[in-house]
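Residue-level listing of the chains:
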Amino acid sequence: MAHQDSKKNTDDVEQLSLVTKLSRVMASVGTVEKKGYNSHHNYKYVMEPELFDSIRGGMAEYNLMLIPTVERVDRAGGIATITMCYKILDGDSGDSIEIPWVAEGQDSGDKGINKALTSASKFLISKMFLCVTDDHGEPPDAENHNRETLSAPP
């Protein structure tokens, strides 16, 4: 897909590219407050609603949708590993971007997949939109204490 900042549609109204729209959403994101607290390991963390709130308005303003799809689930011991694809759709142009993603969640009960899903969404949004937290010199997010880790595929 060739990158263009904007193009004209049939009514000669400027239409922004998907990348330009995402860049504008990223520019609109302020500092994301760490409202969650893990008392067992003594750290603050960004909760999912705060991250969603940081991008929801901008995504809607530019007619963008983020659609997650779980493509595979593997369980070993108490760890659930999910392979996902996030698709960003531009409601104006029909353009899309697909982002493959892998996440893990550890839970001895039935919450491993839910933890992996939450972790995946949080870190995808955080990394994609370069979200800055209100750390003020604190150690980085320590969510890996409960094995909610993820990474982009190799």
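Summary of the structure given here. (Residues numbered from 1 in each chain as written. Predicted model: local features only at pLDDT ≥ 70, side-chain atom pairs only at ≥ 80, totals over all residues. Heavy atoms only, no water.)

### A few points about the side chain of glutamate 50
Test applied: The way it works is that DSSP assigns letters per residue, a run of H or I at least four long becomes a helix, a run of E at least two long becomes a strand, and they are numbered from the N terminus. Each residue's exposure class comes from its accessible area (1.4 Å probe, protein chains only) as a fraction of the maximum for that residue type: buried when under 20%, exposed when over 50%, partly exposed otherwise. Within this scheme the basic residues Lys and Arg register as positive and the acidic residues Asp and Glu register as negative, but His and the chain ends are omitted. The salt bridge criterion pairs a side-chain nitrogen of Lys or Arg with a carboxyl oxygen of Asp or Glu, the two atoms within 4 Å.
Positionally, glutamate 50 belongs in helix α2 (residues 48-61). For the buried glutamate 50, no salt bridge exists, and the shortest N-O distance to an oppositely charged side chain is 4.0 Å, to lysine 35.

### Some details on the packing of α2 against helix α3 (residues 112-128)
Put simply, the test is: Only the stretch in contact is used when fitting a helix axis, every axis being a line fitted to C-alpha atoms; angles between N-to-C directions are given from 0 to 180 degrees. Note on angle classes: values under 35 degrees are labelled roughly parallel, values over 145 roughly antiparallel, values of 65 to 115 roughly perpendicular, and the remainder oblique. Rotating anticlockwise by less than a right angle from the far helix to the near helix defines a left-handed crossing, while the corresponding clockwise rotation defines a right-handed one. Only heavy atoms enter the contact rule, under which two residues are in contact if any of them lie within 4.5 Å. Three classes are used: nonpolar for Ala, Val, Leu, Ile, Met, Phe, Trp, Tyr, Cys and Pro, charged for Asp, Glu, Lys and Arg, and polar for all others, with Gly counted as polar.
For the pair α2 and α3, interaxial distance at closest approach is 10 Å and the crossing angle is 40 degrees. With respect to each other, α2 and α3 are oriented oblique. Judged by the twist between their axes, the crossing of α2 over α3 is left-handed. Contact residues: α2 offers Glu48, Leu51, Phe52 and Ile55, while α3 offers Thr118, Ser121, Lys122, Ile125 and Ser126. Grouping the constituent residues of the contact of α2 with α3 by class yields four nonpolar, three polar and two charged.

### Details of α3
Each full turn of the α-helix corresponds to 3.6 residues, which orients residues three or four apart in the same direction. Definition in use: In a helix, the anticipated span is given by 1.5 Å times the number of residues less one.
Counted at 1.5 Å a residue, the expected span for α3 with its 17 residues is 24 Å, and the 24 Å between its end C-alpha atoms agrees. Among the residues of α3, those classed as buried are Gly112, Ala116, Ser119, Ala120, Ser121, Lys122, Leu124, Ile125 and Ser126. Backbone geometry just after α3 places leucine 130 at a positive phi near 50 degrees.

### Notes on the pairing of strand β6 (residues 79-90)
What counts here: Pairing between strands is defined by DSSP: at least two bridges between the two strands are required.
Bridge count for strand β5 (residues 64-76) against β6 is twelve bridges, and the pairing is antiparallel. Residue pairing across strands places valine 73 opposite isoleucine 82, the latter belonging to β6. The antiparallel hairpin formed by β5 and β6 contains two residues in its connecting segment, where glycine 77 sits at a positive phi of about 65 degrees. Note: β6 against strand β7 (residues 96-106), eleven bridges, orientation antiparallel. Considered in β7, the bridge of lysine 87 is made with glutamate 98. Hairpin remark: β6 followed by β7, antiparallel, with five residues in the connecting loop; positive phi at glycine 94, about 85 degrees.

### Side note on the pattern of salt bridges
Under the criterion given, the structure shown has seven salt bridges. A salt bridge links arginine 72 to aspartate 74; its shortest N-O distance comes to 2.8 Å. Across the salt bridge formed by aspartate 110 and lysine 111, the nearest N and O atoms sit 3.1 Å from each other.

Fair warning: the whole summary comes from geometry, so function is off the table for now.
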